[in-house]
Amino acid sequence: PLGDMFDAMVVGATVRQLTDAGLLVPSEVLAYTNEPTMKLAMHPLAAYQKHTPGRAAVVFCASVAHARVLAEEFNAAGIMAACVDGKTSAKTRDATLAAFEAGDIDVITNCFVLTEGWSCDRADVCILARRPEHVGTLLQMVGRVLRTMPGKRIATVLDLRGSTLVLGLPDEARRWQLEGPACTRIE
């Protein structure tokens, strides 16, 4: 809560409002568990192959090691993938992201690098292989794949840890406030 520091809050447009206005694409969420879990309900590679093969995916991983291993596993399965992390040089990161945007890479794995401040309209699959602790983080992660582009009709979220069960769907109604919990789900 930030009520001790601020007197008023300005709440911006919601994901639902931006989607209805055609500024974001709608999302479908495929969750693989009935309970939130810290364990993966399905391996990210298997989920990608089953539900979104050939699509442009960004995978949010639990650790840098996890991100690197997943990129290797995707490549071993014949799916062009790359990993970016905090130690990736700016030159290499820029080249990797450009290759993803150009379609030379279909899957990009990361840990805390692409959560915010990165935009690639081509990305249309978000694989949640780590669980965000806050709704703002979830919305940032999912927001990477909601960008519009010609021909893009829907974004798919593969929720492998039950995050949306705890934090809500991307376009769910929420109440933001300065006192008490910062964000609550509106039933």
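A quick note: this is a predicted structure, and the numbers were derived from the prediction, not measured.

Novice: Would you mind going over empty space enclosed by the protein with me for this structure?
Specialist: Gaps left between atoms show up when a probe the size of a water molecule is rolled over them. The tally for this structure, following the rule as stated, stands at one cavity of 30 Å³ or more. As a volume, the largest cavity reaches approximately 40 Å³. Along the walls of the largest cavity sit Val15, Thr19, Val25, Pro26, Ser27, Leu146, Pro170 and Asp171, which together make up its complete lining. A per-class count over the lining of the largest cavity returns five nonpolar, two polar and one charged.

Novice: For this particular structure, what's the right way to read the pattern of salt bridges?
Specialist: Oppositely charged side chains are able to pair whenever their charged atoms sit close together. Under the definition given, this model contains five salt bridges. A salt bridge links Arg16 to Asp171, with the shortest nitrogen-to-oxygen separation between them at 3.1 Å. Note that Arg16 is positioned in helix 1 (residues 15-20) and Asp171 in the loop between helix 6 (163-167) and strand 7 (174-176), a separation of 155 residues in sequence. Residue Arg16 is classed as partly exposed on the basis of its relative accessible area of 41%. Note on Asp171: relative accessible area 26%, which makes it partly exposed.

Criteria and cut-off values
- Residues numbered from 1 in each chain as written.
- Predicted model: local features only at pLDDT ≥ 70, side-chain atom pairs only at ≥ 80, totals over all residues.
- Heavy atoms only, no water.
- 1 Å grid on protein atoms, 1.4 Å probe; cavity = no way out; pocket = protein on both sides within 12 Å on 5 of 7 lines; lining within 4 Å.
- Points joined across faces, edges and corners; volume = space filled by probe spheres on them.
- Nonpolar A, V, L, I, M, F, W, Y, C, P; charged D, E, K, R; others polar.
- Salt bridge = Lys/Arg side-chain N within 4 Å of Asp/Glu carboxyl O.
- Helix = DSSP H or I, 4+ residues; strand = E, 2+ residues; numbered from the N terminus.
- Buried < 20%, exposed > 50% of the residue type's maximum accessible area, 1.4 Å probe, protein only.

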